[in-house]
Amino acid sequence: MSDLHHEKAAAVDQKPLIEFYQRSGKLLRILEHKAMKKYFDSLRVESDERQEKLRQQNSILYEYLTELERQFEAVVTESAQHRSRKGGMLASFALTLDPQMYAHLAPPPAAGEAAASSLGSQLGAA
């Protein structure tokens, strides 16, 4: 009987200790949840900041790319103009060197020039 009484006394002595462990366990879970909430909140803020920085970088890169495209179009247009001018100059140079051999490079005479040259050749023949 004394053993039974002794066990009850030990259980009564341990009851406050068990309640303490249960309450401290609950408190630790609450603190853990609060800590996780703060962590995920800070993670969300960091993610939002990174996304905003990426948006800004994307905007700047887009503006830069647009400007490069405009400049590239200008360079291509200028290059085509230079190529055309070079062809005309080479044809003019070739006609200056040998008009008969490079006659196919001569620009076709305008309507008014053709009539005047035919008139001039008719007057010269008469």
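The paragraphs below set out a description of the structure included in this document.

So, how was this worked out
- Within every chain, residues take consecutive numbers counted from 1 along the sequence as written.
- For a predicted model such as this one, the threshold for reporting local features is a pLDDT of at least 70, and the threshold for listing and counting side-chain atom pairs is 80 or more; totals across whole chains, interfaces and linings nevertheless cover every residue.
- Each side-chain value is derived from all of the structure's non-hydrogen atoms; neither hydrogens nor water enter the calculation.
- Only DSSP runs of H or I reaching four residues or more are called helices, and only runs of E reaching two or more are called strands; each is numbered from the N terminus.
- Throughout this description, buried means an accessible area under 20% of the type-specific maximum (1.4 Å probe, protein chains only), exposed means over 50%, and partly exposed covers the range between.
- One speaks of a salt bridge when a side-chain nitrogen belonging to Lys or Arg is within 4 Å of a carboxyl oxygen belonging to Asp or Glu.
- Residues qualify for a patch when their relative accessible area is over 30% and they have no salt bridge, like charges being joined within 9 Å and the nonpolar side chains of Val, Leu, Ile, Met, Phe, Trp and Tyr within 5 Å.
- What sets the accessible areas is the Shrake-Rupley method with a 1.4 Å probe; for residues, cover comes only from the shown protein chains.
- Pairing of aromatic rings covers Phe, Tyr and Trp, the last counted by its six-membered ring, and requires centre-to-centre distances within 6.5 Å; plane angles under 30 degrees mean stacked, over 60 mean edge-to-face, and any other angle means tilted.

Some remarks on the overall build of the protein chain
So, step 1. Along its length, the protein chain carries 2 helices and 0 strands.
So, step 2. Relative to its 126 residues, the protein chain shows a buried fraction of 3%.

Notes on the pattern of salt bridges
So, step 1. Under the defined criterion, the tally for this structure stands at 5 salt bridges.
So, step 2. Two residues, D48 and R44, come together in a salt bridge whose shortest N-O distance is 3.9 Å. Taken together, the residues D48 and R44, both in helix α1 (residues 2-97) and 4 residues apart, mark about one turn of the helix.
So, step 3. Of the residues examined, D48 reaches a relative accessible area of 39% and is grouped as partly exposed.
So, step 4. Between E46 and R50 there is a salt bridge, with the nearest N and O atoms lying 3.1 Å from each other. A residue pair is termed a helical-turn pair when its members lie 3 or 4 positions apart in one helix, as E46 and R50 do in helix α1 at 4 residues.
So, step 5. Judged by its relative accessible area of 37%, E46 falls in the partly exposed class.
So, step 6. Residue classification places R50 among the exposed positions, given a relative accessible area of 55%.

What to know about a nonpolar patch on the surface
So, step 1. Taken together, the side chains of M36, Y39, F40 and L43 define a hydrophobic patch exposed on the protein surface, amounting to about 400 Å² of accessible area.
So, step 2. Along the chain, M36 falls in helix α1.

Some words on the packing of aromatic side chains
So, step 1. Taken as a whole, this structure holds 2 aromatic pairs when the rule is applied.
So, step 2. Consider the rings of F20 and Y21, whose centres lie 5.8 Å apart with planes at 55°: the pair is tilted.
So, step 3. Ring centres of Y39 and F40 lie 5.2 Å apart, and the angle between their planes is 65°; this geometry places the pair in the edge-to-face category.

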